[in-house]
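Structural overview
Each chain is listed here by its residues.
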Amino acid sequence: MNDLTRWIDLEGAVNVRDLGGLATVDGGTTRFGRIYRSDNLQGLTERDVELLVGDLQLRHVIDLRSTPEVMLEGPGPLTAVPEVNIHHLTLFAEGGRHTDVEADRIEADRVLPWQEREEEDLAELRVTGFYYGYLRERPDSILAALRALSGDDGAAIIHCAAGKDRTGVVSALTLEIAGATREAIVADYVATGERLEGILGRLRSSTTYRDDLDTRPADDHRPRPEYIEQFLRVLDDRFGGPMEWLTSHGWTEADSLAVRSRLRG
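Residues numbered from 1 in each chain as written. Predicted model: local features only at pLDDT ≥ 70, side-chain atom pairs only at ≥ 80, totals over all residues. Heavy atoms only, no water.

Some remarks on unusual backbone geometry
Most peptide bonds take the trans configuration, and most residues that are not glycine carry a negative phi. With phi around 60°, glutamine 57 is a residue other than glycine that occupies positive phi space. The exposure class assigned to glutamine 57 is partly exposed, which follows from its relative accessible area of 39%. (Buried < 20%, exposed > 50% of the residue type's maximum accessible area, 1.4 Å probe, protein only.)

Given below as structure tokens:
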């Protein structure tokens, strides 16, 4: 795997890379230029948009941010590009005061609902791993995200705020469907750590995320192999694997073939 060929350098985002070039269980590699992953695309410049839409043929954006995040931060410049389809698919169980107030009245602590978990939910998440909570709460968004990135009309990009946790989970599932090795999935996940300083710098410039980031040391935000390994292990132990979990929620073989066609061709 050559990380130098996977990173996409943009002026307005720092954690952008291709899901191509990763080892697969049959001895091959995933294809370049089909699916990308990223941190927040809010700050893209005109040059970035030209690169993504023109050179890389970006046609689908899977935005995993919560509704309050989008309202506070804004939808981003790609929403103004006619060729690009925006798929807003939050992985949080939004409801009540998290979403039913006007944008200018939303407080930052409502954007990050893990800060207000009931103890019962936290106990479950400690057992299963925090990332499994996304699947437990929003299986509809998970499947919709995977289907949105499997179209054949141009490239797709998955993003959240940091491009680490929510994006990491959807990317891991995408790679699992495409037949990537577990080692490659873990390596892709931890690669975000190479850009962590830049990611945190971007997020700290926003009042939406600053307070939450400042409550913990920077190293607490580092993506560690055991985090994504634990997520995959939960799916293995509870369901027989990620594919079995997907199937139990309505995923079909045709869906899998579409994803594999994108990343394997």
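Examining the pairing of strand 4 (residues 85–88)
Bridge count between strand 3 (residues 58–63) and strand 4: 4 bridges; the pairing is parallel. From the neighbouring strand, valine 61 faces strand 4, where its bridge partner is isoleucine 86. Tracing the backbone out of strand 3, into helix 3 (residues 67–73) and back to the parallel element strand 4 gives a crossover that is right-handed. (Pairing = 2+ DSSP bridges. Helix = DSSP H or I, 4+ residues; strand = E, 2+ residues; numbered from the N terminus. Right-handed = clockwise from strand over helix to strand, strands pointing away.)

Quick word on the pattern of salt bridges
Under the counting rule described, the total for this entry stands at 18 salt bridges. The salt bridge partner of aspartate 63 is arginine 65, with a shortest N-O separation of 2.9 Å. Both residues of the pair, aspartate 63 and arginine 65, belong to the buried class. A salt bridge links aspartate 140 to arginine 138, with the shortest nitrogen-to-oxygen separation between them at 3.0 Å. The exposure class of aspartate 140 is partly exposed, given its relative accessible area of 46%. By relative accessible area, which is 18% here, arginine 138 ends up buried. Residues participating in the shared-partner salt-bridge network are Arg6, Arg17, Arg37 and Asp188. (Salt bridge = Lys/Arg side-chain N within 4 Å of Asp/Glu carboxyl O.)

So, the packing of aromatic side chains
Taken as a whole and judged by the stated rule, the model has 6 aromatic pairs. Taken together, a centroid distance of 6.5 Å and an interplanar angle of 70° make the contact between tyrosine 131 and phenylalanine 231 edge-to-face. Of this pair, tyrosine 131 sits in the loop between helix 4 (119–128) and helix 5 (132–137) while phenylalanine 231 sits in helix 11 (residues 225–239), placing them 100 residues apart in sequence. Accessibility expressed as a relative area gives 6% for tyrosine 131, which makes it buried. In this structure phenylalanine 231 comes out as buried when scored by relative accessible area, which is 2%. Ring-pair connections join several aromatic residues into one group, and the members of that group are Phe92, Phe130, Tyr131, Tyr134, Tyr189 and Phe231. Between the NZ or CZ atom of arginine 195 and the centre of the ring of tryptophan 7, over which it lies, the distance is 3.9 Å. (Phe/Tyr/Trp six-rings, centres within 6.5 Å; stacked < 30°, edge-to-face > 60°. Lys NZ or Arg CZ within 6 Å of the ring centre and 35° of its normal.)

A few points about the UniProt feature "domain: Tyrosine specific protein phosphatases" (unreviewed entry) in the protein
As recorded in UniProt, the sites labelled "domain: Tyrosine specific protein phosphatases" (unreviewed entry) are residues 140–175. From the first C-alpha to the last, residues 140–175 spans 19 Å; its make-up is 53% helix and 14% strand. (UniProt positions renumbered as here; feature names shortened; annotations may be inferred.)

Focus on the confidence of the model for the protein
With 86% of its residues at a pLDDT of 70 or more, the protein has an overall mean of 88. For the stretch residues 96–110, pLDDT sits under 50, and the model shows 25 contacts to residues farther than four places along the chain or on other chains. (pLDDT = per-residue confidence, 0-100. Contact = heavy atoms within 4.5 Å.)

Details of the packing of helix 7 (residues 166–178) against helix 11
Relative to each other, helix 7 and helix 11 sit at 55°, their axes nearing to 11 Å. Between helix 7 and helix 11, the angle is such that the two are oblique. Pair helix 7 / helix 11 crosses with right-handed handedness. Residues Gly168, Val169, Ala172 and Leu173 of helix 7 form the contact with helix 11, whose participating residues are Ile228, Phe231 and Leu235. Here the residues of the contact of helix 7 with helix 11 are counted per class, giving 6 nonpolar, 1 polar and no charged. (Axes fitted to C-alpha atoms, helices over the stretch in contact; angles between N-to-C directions. Parallel < 35°, antiparallel > 145°, perpendicular 65-115°, else oblique. Left-handed = near helix turned anticlockwise from the far one by under 90°. Nonpolar A, V, L, I, M, F, W, Y, C, P; charged D, E, K, R; others polar.)

Let's talk about the sheet that holds strand 1 (residues 17–18)
What holds strands together in a sheet is hydrogen bonding between their backbones, with the strands either parallel or antiparallel. Spatial ordering of the open sheet is given by 1-2-5-3-4, a layout of 5 strands whose pairing is mixed. For this open sheet the edge positions go to strand 1 and strand 4, each flanked by a neighbour on one side alone. By the bridge criterion, 2 bridges tie strand 1 to strand 2 (residues 35–38) in an arrangement that is antiparallel. Bridging from a neighbouring strand, aspartate 18 pairs with tyrosine 36 of strand 2.

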